[in-house]
Amino acid sequence: MNHDRVREAFRRESEALTEAVSGLSEAEWNLPTRCAPWVVRELLGHVTVVIDWLPAMLDAPAPAEADISATEYYRPDDRFSPRTNGTRIALAQDRAARSADGAAFAADFAATWSRADRRCRDQPAGRTVRTRHGDAMLLSEFLLTRVVEVAVHGLDLADALGRAPWLTPPAGEAVTELLLGPGHAAALDELGWSRPRLLRKATGREPLDEPETELVERLGIRWLALG
């Protein structure tokens, strides 16, 4: 996927999430989410952590070539093991605990994604990075996985806060193409789902009924291992 297009999706979705969490009450910051054991503050902590990997990745030597795409990044291996999930939970909780109040934490998230966005803007076409899991990827492909994080967990936060989804068109389009492939527009039309509902179905947040399961199989859609 084109680097500029992915970066625009990342920027727009991160801006929308920043706006959504700005001005939350302390009670709202502590609402439970479907991503147990995280409350709203800790789930945003997770999103902040996974974006904050980027600067260090860009400071490290670039791999000679990419060997993993965004689709292949989401594979069911050790990255979704109980040990790794335990580390993921602890890192998010630690990040959330760093800020004394919600306003400071919302500002931390905004500063984190803005810093990552600026660093990505300065990179040449074809830039490669190595992930913390050891994958060599094009920066554009890794950044697409960050769009997934912001978009999918944005749905989780919207649900926790009792709000309508704020999924932005650029992010919705990018993630739909990742999930459904080159024919994503026609496949989405046949499924008859909105983009937020596609993300819910694809990640198990909303179960498939029997006719939907049969349609997904007929279309040859392969869900990603999103944890």
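(A) Broad picture of unusual backbone geometry. The amide bond that connects Ala36 to the next residue, Pro37, takes the cis arrangement and shows omega of 10°. Here Pro37 is to be found in the loop between α2 (26–29) and α3 (40–51).

(B) Looking closely at the packing of aromatic side chains. Tallied over the entire structure, the rule returns 4 aromatic pairs. For the pair Phe10 and Trp113, a centre-to-centre distance of 6.4 Å together with 85° between the ring planes defines the contact as edge-to-face. Of the two residues, Phe10 sits in helix α1 (residues 3–21) while Trp113 sits in helix α7 (residues 102–121), which places them 103 residues apart along the sequence. Each member of the pair, Phe10 as well as Trp113, is classed as buried. Measuring from ring centre to ring centre gives 6.2 Å for Tyr73 and Phe142, while their planes differ by 80°; the resulting arrangement is edge-to-face. Of this pair, Tyr73 sits in helix α5 (residues 70–73) while Phe142 sits in helix α8 (residues 139–161), and the two are 69 residues apart along the sequence. In terms of burial, Tyr73 and Phe142 fall into one category: buried.

(C) Quick look at the packing of helix α10 (residues 184–191) against helix α12 (residues 210–219). At their nearest, the axes of α10 and α12 sit 11 Å apart, and the two run at 160° to each other. With respect to α12, the element α10 is oriented roughly antiparallel. Where α10 crosses over α12, the two elements pack in a sense that is right-handed. Contacts between α10 and α12 involve Ala187, Glu190 and Leu191 from the first element and Leu215, Val216, Arg218 and Leu219 from the second. Within the contact of α10 with α12, the residues separate by chemical class into 5 nonpolar, no polar and 2 charged.

(D) Here's a closer look at the packing of α3 against α8. Look at α3 against α8: their axes get within 10 Å of each other, and the N-to-C directions meet at 175°. Considered as vectors, α3 and α8 are oriented roughly antiparallel to each other. For the pair α3 and α8, the contacting residues are Val40, Leu43, His46, Val47, Val50 and Ile51 in the first and Arg146, Glu149, Val150, His153, Asp156, Leu157, Ala160 and Leu161 in the second. Of the residues that constitute the contact of α3 with α8, the class distribution is 9 nonpolar, 2 polar and 3 charged.

(E) Inspection of the side chain of Glu13 at higher detail. Following the sequence through the fold, Glu13 ends up in helix α1. It turns out Glu13 is buried and unbridged, and the closest side chain with the opposite charge, Arg12, is 7.6 Å from it. Within the local environment of Glu13, its side chain forms a polar contact with the side chain of Thr168, the two groups lying 2.6 Å apart. In this structure Glu13 touches Val150, Ala151, Trp166, Leu167, Thr168 and Ala171, once residues within four positions along its chain are discounted.

(F) Molecular detail of the pattern of salt bridges. Applying the stated criterion across every chain yields a total of 22 salt bridges. The partner of Glu177 in a salt bridge is Arg5, with the nearest N and O atoms 2.9 Å apart. Taken together, the residues span a long stretch of sequence, with Glu177 in helix α9 (residues 169–180) and Arg5 in helix α1 at a distance of 172 residues. Residue Arg5 is classed as partly exposed on the basis of its relative accessible area, which comes to 32%. Close ionic contact of Glu212 with Arg197 constitutes a salt bridge, the shortest N to O distance being 3.7 Å. Of this pair, Glu212 sits in helix α12 while Arg197 is found in helix α11 (residues 195–202), placing the two residues 15 residues apart along the sequence.

(G) Inspection of the environment of Ala164 at higher detail. Mapped onto the elements of the fold, Ala164 is located in the loop between α8 and α9. For Ala164 and Gly86, which are 78 residues apart along the polypeptide, the C-alpha to C-alpha distance reads 30 Å.

(H) Up close: the environment of Asp67. Secondary-structure assignment places Asp67 in the loop between α4 (53–59) and α5. The class for Asp67 is exposed, based on a relative accessible area of 52%. Taking the C-alpha atoms as reference points, Asp67 and Ile51, 16 residues apart in sequence, are found 21 Å from one another. Ignoring sequence-local partners within four residues, the contact set of Asp67 consists of Glu72, Asp135 and Ala136.

Criteria and thresholds
Residues numbered from 1 in each chain as written. Predicted model: local features only at pLDDT ≥ 70, side-chain atom pairs only at ≥ 80, totals over all residues. Heavy atoms only, no water. Helix = DSSP H or I, 4+ residues; strand = E, 2+ residues; numbered from the N terminus. Phe/Tyr/Trp six-rings, centres within 6.5 Å; stacked < 30°, edge-to-face > 60°. Buried < 20%, exposed > 50% of the residue type's maximum accessible area, 1.4 Å probe, protein only. Axes fitted to C-alpha atoms, helices over the stretch in contact; angles between N-to-C directions. Parallel < 35°, antiparallel > 145°, perpendicular 65-115°, else oblique. Left-handed = near helix turned anticlockwise from the far one by under 90°. Contact = heavy atoms within 4.5 Å. Nonpolar A, V, L, I, M, F, W, Y, C, P; charged D, E, K, R; others polar. Lys, Arg positive; Asp, Glu negative; His and termini not counted. Salt bridge = Lys/Arg side-chain N within 4 Å of Asp/Glu carboxyl O. Polar contact = N/O pair within 3.5 Å; in protein donor to acceptor, adjacent residues only side chain to side chain.

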